[in-house]
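Listed here are the chains, written in short residue letters.
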Amino acid sequence: MASMKFYQDIPYLLMIKIDFECSEAVIEFTGKILKSEYKKLISAETIRQCFDNINEMGFCRIDVEEILSNAQVVKCDVTMDIPDLDMANLASYISANLTSYKQYQCKTLRNGNLIIEKNVTTRKLMKRITIYDKGKEMKRSANLKFAQDYGIEDEFNGLCRIEMNLNTKEQIRSALGICDTRLRDVLTASANPILDYMKEVISPPEHKQISDKKTYLAMLVLRDNDYDLAKVEAKMREFHPRGTSINKVMETYKSVLAQVGNSSSDSIYSKLMESMSCIKSPDDAF
């Protein structure tokens, strides 16, 4: 016998192939292998649990310490979950604000997933990001039973998932800023490749020149209130005595908001970048 292979895709993807001639084992799995801990994703903190869960299945025995010390990662998906992003507005903004329409393409699939790809002809230079509503995806028939079995039906509600596919060792080294693709090196990398790529792909909103103090202060108030005039009005009512014409007070903010014109885009861009900056991206599949 030259090789052996185990494969399953329910309740989660797991593939193990052993090549006796090359003395090599290939293991592939996704974050669902964490079962009830799926939301934590695969990281330096959860990787041992992944292999322990495989061992608990009983059909093989993995030397976890050996794997952690010497295994090489040949492909992975770098993943992060961001709460409360409006997918429709995000898709519209990204589609309209690519830094280069020759270098990148953005498309929305029929299932609502947003794909951002680099236009290249060679696989090793390919960069691809997928953005989708994770809560909605977990409620699809293919995932619902898994979520119910492990009691995580509502844990992904309101989450926008962003995944970057790294399909070669060269891509992994480049994206994570590491010299070696050993499992430990990949999981402890300090880079944030999704943020780096999004900065490369998406242009920030352009701002019109603010030439006076009054407009500048009004812009600060608008930004602090998410460019929502209703929020601004509520705040202004707190600061002005009864009898003040709030309509007159609000004229300035309405004028500045109309002047800038892209305040909504600014809010989308800022929230996306700030959220990605705060999240350490674990690697979701090996």
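Everything below is about the structure printed above this text.
Residues numbered from 1 in each chain as written. Predicted model: local features only at pLDDT ≥ 70, side-chain atom pairs only at ≥ 80, totals over all residues. Heavy atoms only, no water.

*Asks:* Tell me about a nonpolar patch on the surface, and please be specific about residues and values.
*Replies:* Residues Met1, Met4, Ile18 and Phe20 make up a contiguous nonpolar surface patch of about 440 Å² in total accessible area. By the element assignment, methionine 1 lies in the segment before strand E1 (3-8). The exposure class of methionine 1 is exposed, given its relative accessible area of 77%. (Patch = residues over 30% accessible without salt bridge, like charges linked within 9 Å, V, L, I, M, F, W, Y side chains within 5 Å. Areas by Shrake-Rupley, 256 points an atom, 1.4 Å probe, with all protein chains shown as cover. Salt bridge = Lys/Arg side-chain N within 4 Å of Asp/Glu carboxyl O. Helix = DSSP H or I, 4+ residues; strand = E, 2+ residues; numbered from the N terminus. Buried < 20%, exposed > 50% of the residue type's maximum accessible area, 1.4 Å probe, protein only.)

*Asks:* Run through the pairing of strand E4 (residues 76-83), naming residues and quoting values.
*Replies:* For E4, the tally of buried residues reaches 7 of 8 residues, placing the bulk of the element in the interior. Here 8 bridges tie E4 to strand E8 (residues 159-166), and the two strands are oriented antiparallel to one another. Its bridge partner lying in E8, aspartate 81 is registered against arginine 161. (Pairing = 2+ DSSP bridges.)

*Asks:* I'd love a proper account of unusual backbone geometry, names of residues and values included.
*Replies:* Put simply, isoleucine 10 and proline 11 share a cis peptide bond, and its omega is 0 degrees. Structurally, proline 11 is set in the loop between E1 and strand E2 (14-19). Despite not being glycine, lysine 35 has its phi angle at roughly 55 degrees, a positive value. Examined against the element boundaries, lysine 35 turns out to sit in the loop between strand E3 (24-29) and helix H1 (47-57). One non-glycine residue with positive phi stands out, namely aspartate 84, at about 60 degrees. With respect to the helices, strands and loops of the structure, aspartate 84 is situated in the loop between E4 and helix H3 (87-96). A residue is classified by how much of its surface remains accessible, and aspartate 84, at 59% relative accessible area, is exposed.

*Asks:* Please give an account of the nonpolar core that cites residues and values.
*Replies:* With 65 residues, the main nonpolar core has Phe29, Phe51, Ile94, Ile131, Met198 and Met276 as its most contacted residues. Filtering out sequence-adjacent residues up to four positions away, phenylalanine 51 remains in contact with Ile27, Phe29, Ile62, Val64, Ile67, Leu68 and Leu183. Listed in part, the 12 residues of the second largest apolar core include Leu222, Val232, Met236 and Tyr253. (Core = buried A, V, L, I, M, F, W, Y, C linked by side-chain atoms within 4.5 Å. Contact = heavy atoms within 4.5 Å.)

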